[in-house]
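These are the residues of each chain, in order.
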Amino acid sequence: MILKLAYLAVLTVTILITLTQPAHAYIDPGTGSLVIQAAGALILATLVTMRVWMVTLKRVFRRLTGKSADAAPSNRP
Amino acid sequence: MASTLAASFRDPDGFVFRHEGEVYRQVNVRCAEAYDRMMRGGLYDDLTAAGLLVRHDEVGDIEAPAPGAHRILRPERVPFISHPYEWSFGQLRDAALLTLDIQLRAMQHGQTLKDASAYNVQFVRGRPIFIDTLSFEAYEEGSPWVAYRQFCQHFLAPLALMSRRDVRLGQLLRVHLDGIPLDLAAGLLPGRTKWNLGLGLHLHMHARSQQRYADAAVGAPAKRRVSISKKGLLALIDGLSRTVAALTWEPTGTEWHDYYEANNNYDAQAHDAKATLVRAMLEAVHPRTVWDLGANTGRYSRIAAETGAHVVAWDIDPACVELNYREVRKRGDERILPLLLDLTNPSPAIGWEHSERASLVERGPVDAVIALGLVHHLAIANNVPLERVASFLARLGSTLVIEFVPKRDSQVQKLLASRTDIFDHYDEAGFETAFQRHFVLEDRQSIEGSARTLYRMRGRRPDDAR
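Cut-offs used in this document
Residues numbered from 1 in each chain as written. Chains lettered and ligands numbered in written order. Predicted model: local features only at pLDDT ≥ 70, side-chain atom pairs only at ≥ 80, totals over all residues. Heavy atoms only, no water. Helix = DSSP H or I, 4+ residues; strand = E, 2+ residues; numbered from the N terminus. Buried < 20%, exposed > 50% of the residue type's maximum accessible area, 1.4 Å probe, protein only. Areas by Shrake-Rupley, 256 points an atom, 1.4 Å probe, with all protein chains shown as cover. Contact = heavy atoms within 4.5 Å. Pairing = 2+ DSSP bridges. Axes fitted to C-alpha atoms, helices over the stretch in contact; angles between N-to-C directions. 1 Å grid on protein atoms, 1.4 Å probe; cavity = no way out; pocket = protein on both sides within 12 Å on 5 of 7 lines; lining within 4 Å. Points joined across faces, edges and corners; volume = space filled by probe spheres on them. Nonpolar A, V, L, I, M, F, W, Y, C, P; charged D, E, K, R; others polar. Salt bridge = Lys/Arg side-chain N within 4 Å of Asp/Glu carboxyl O. Patch = residues over 30% accessible without salt bridge, like charges linked within 9 Å, V, L, I, M, F, W, Y side chains within 5 Å. Lys, Arg positive; Asp, Glu negative; His and termini not counted. Charge placed at Lys NZ, Arg CZ, Asp CG, Glu CD. Arc of directions from axis to C-beta.

Trainee: So what's going on with the overall build of chain A? Which residues, and what values?
Mentor: Tallying secondary structure elements over chain A gives 2 helices and 0 strands in all. Residues counted as buried form 32% of the 77 residues belonging to chain A. A total accessible area of about 5500 Å² is found for chain A, and carbon and sulfur atoms account for 70% of it.

Trainee: Describe the overall build of chain B, and please don't skip the residues or the numbers.
Mentor: From N to C terminus, chain B includes 16 helices and 16 strands. Seen through its C-alpha atoms, chain B measures out along the principal axes to roughly 75 × 60 × 40 Å. Of all 466 residues assigned to chain B, the portion counted as buried reaches 53%. In chain B, once contacts between residues fewer than 6 apart in sequence are set aside, the share between residues at least 24 apart is 71%. With the model as given, the accessible surface of chain B reaches about 20800 Å², and the carbon-plus-sulfur share is 48%.

Trainee: Give me the lowdown on the sheet that holds strand 10 (residues 289-293) of chain B, citing residues and values where you can.
Mentor: Strand pairing in a sheet relies on backbone hydrogen bonds. The paired strands run either parallel or antiparallel. All names here are of chain B. What the 7 strands build is an open sheet, ordered 12-11-10-13-14-16-15; its pairing is mixed. Edge strands, defined here as strands with exactly one partner in the open sheet, are strand 12 (336-340) and strand 15 (439-446). The sheet shows a mean angle of 20° between the axes of neighbouring strands, direction not considered. Relative to strand 13 (residues 366-371), strand 10 runs parallel, the two being bridged by 4 bridges. Directly across from Val290, in strand 13, lies its bridge partner Ala368. Across the sheet, helix 10 (residues 268-285) touches strand 13, strand 14 (397-404), strand 15 and strand 16 (453-459), and the angle it forms with strand 16 is around 15°.

Trainee: If you had to explain empty space enclosed by the protein to someone new, which residues and values would you point to?
Mentor: Residues and elements named next belong to chain B. According to the stated counting rule, one finds 2 cavities of 30 Å³ or more in the structure shown. Computed from the structure, the largest cavity encloses a volume of approximately 40 Å³. Looking at the largest cavity, the residues that line it are Asp13, Cys31, Ala34, Tyr35, Met38, Lys114, Thr133, Leu134 and Phe136. The element best represented in the lining of the largest cavity is helix 1 (residues 32-40), accounting for 3 residues. In this structure, the second largest cavity spans a volume of roughly 30 Å³. Lining of the second largest cavity is provided by Pro84, Ala118, Tyr119, His154, Leu173, His176, Leu177 and Gly179. A class-by-class count of the residues in the lining of the second largest cavity yields 5 nonpolar, 3 polar and no charged.

Trainee: Kindly report on the pairing of strand 8 (residues 127-130) of chain B, identifying the contributing residues and their values.
Mentor: Here strand 7 (residues 121-124) of chain B pairs with strand 8 of chain B via 4 bridges, running antiparallel. Note on strand 8 of chain B: the bridge partner recorded for B:Gln122 is B:Ile129.

Trainee: Let's hear about the environment of B:Thr307: which residues, and what values?
Mentor: Residue and element names in this part refer to chain B. Here Thr307 shows up in the loop between helix 11 (299-306) and strand 11 (310-315). Accessibility expressed as a relative area gives 9% for Thr307, which makes it buried. Note: C-alpha distance between Thr307 and Ala280 (27 residues apart in sequence) is 9.5 Å. When sequence neighbours within four positions are dropped, the list of residues in contact with Thr307 reads Leu282, Glu283 and His286.

Trainee: I'd love a proper account of the pattern of salt bridges, names of residues and values included.
Mentor: Residue and element names in this part refer to chain B. Scanning the entire structure with this criterion turns up 33 salt bridges over all chains. Glu322 serves as the salt-bridge partner of Arg326, at 3.0 Å between the closest nitrogen and oxygen. Of this pair, Arg326 and Glu322 both sit in helix 12 (residues 318-331), 4 residues apart, roughly one helical turn. Taken together, the shared-partner salt bridges connect Asp11, Asp13, Arg30 and Lys114 into one network.

Trainee: Account for a positive patch on the surface, with residues named and values stated.
Mentor: Residue and element names in this part refer to chain A. Side chains of Lys58, Arg59, Arg62 and Arg63 sit close together on the surface and give a patch of like positive charge. The topology assignment puts Arg63 in helix 2 (residues 31-71). Judged by its relative accessible area of 54%, Arg63 falls in the exposed class.

Trainee: Break down helix 1 of chain B for me, with residues and values.
Mentor: Owing to its 3.6 residues per turn, the α-helix aligns residues three or four sequence positions apart on the same side. All names here are of chain B. Within the span of helix 1, buried status applies to Ala32, Tyr35, Asp36 and Met38. The buried side chains of helix 1 occupy one side of the element, clustering within an arc of 160° when seen end-on. In the core, the buried residues of helix 1 are packed alongside strand 3 (22-28), helix 2 (43-49), strand 4 (56-58), strand 5 (69-75), strand 6 (111-113) and strand 9 (136-138). Taken from the residues just after helix 1, Gly42 is the one with a positive phi, measuring 105°.

Trainee: Break down the environment of B:Asp36 for me, with residues and values.
Mentor: With respect to the helices and strands, B:Asp36 occurs in helix 1. Each residue touching B:Asp36, except ones within four places of it in the same chain, is listed here: B:Gly41, B:His70 and B:Arg71.

Spelled out as structure tokens, the structure:
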């Protein structure tokens, strides 16, 4: 699911972005490479952010389940 | 008299030259600012302290071979120059991760790598290290990583092909000196890899994007410039790192890696006897440099290293080189370099004017060559006359420690099983006659527990009596 969204994003970005050839490059990065790099940076930065959210979410979830476990009446004598 | 290294001509910021047997690097004025920034801003200290970049001294007493010099550097010596097509999977992967690690650290200091060629990495003390001190330039936030394409071609493409298709595809790096073209790599990879985020993006879509823009008109009117935030670029580098780290290759299924276990020609006693003899023969000559030909997983290379030599452990089997390299990293061996080599088709001199990447022979000769369990592969499996084997080995090193494997040995029996025995002179006498044309026999010992003989020979000099 995430992958499909990512690929949609790449397609959109690829169509939208156009650019000039950079000058004075020691090696030729190539227009096509620059386009993909920009797309890749966007996707991967999004993924990084999502990963951070997931970690935070997990932490919040654990705290919530932890709290409800404490509040539940114990069955032990 | 200084002579510029034939391979060092593309970078206008400087070049490497040789002077009185030592290697130096000239830093040109046009990159003085970038160089000074790297040295004073902390990046050089950070990288050298972590063992990621070669150290250098600035020398004041050498005359600059070309005008426009800002500094002359004498970098730390690299004991042996190897090429990416000689590396095992693990070596190439570690070189890739090193490059990305350096790019991340450079960005922390406001700098960036201007190229990501696999030839910027060499192996010193068993580990990969960056050798191109002039690869750094100022990082302007917003600008893309100009070396991204090169990284994908030099590192990601071959690693993906070796991991997901066939380990032998690493040899494409011998043909494509600037890395494997992405359309070729994308075409050879299994279709499944399109669904992997990293490989799909950095290889498949990258290849298509290159083709799409290849015919774009030159001098097209300027449009919006692509801009990549620092955060985006860091995420890209991190993503590349994860993709590379996720590529694996397990060294099984090739014929050689379990040679010692699978072959009952040798029992433990014979192994120990041979090891003792090899050690004694090497200690008699105390070589500083050794090539172990057909080193397998490096069992005897380690013995040579223990006598104090720097050893290059050559083998034709990628699995053996990989296992040897993993052992080197695990043990922290500082004097062993495992590399891939087919002796019947050794690394040639390639690149511009046949001079950019030195051949096997051009990187020798060494003090001692070890050739154990090898001669029957050359003479019988590959039909090379013994005298030709001798003349070639004589070019590689001054001392030769070589094991003769006779026909009654089970390994040779295997080789002869499916062919006619046309090797009339393949016996101890024929072997000695052939080799004495190029060597002086200094020692001969039978290996207890086997039918094999170990020899120590010295290459003939012009003043030797025939």
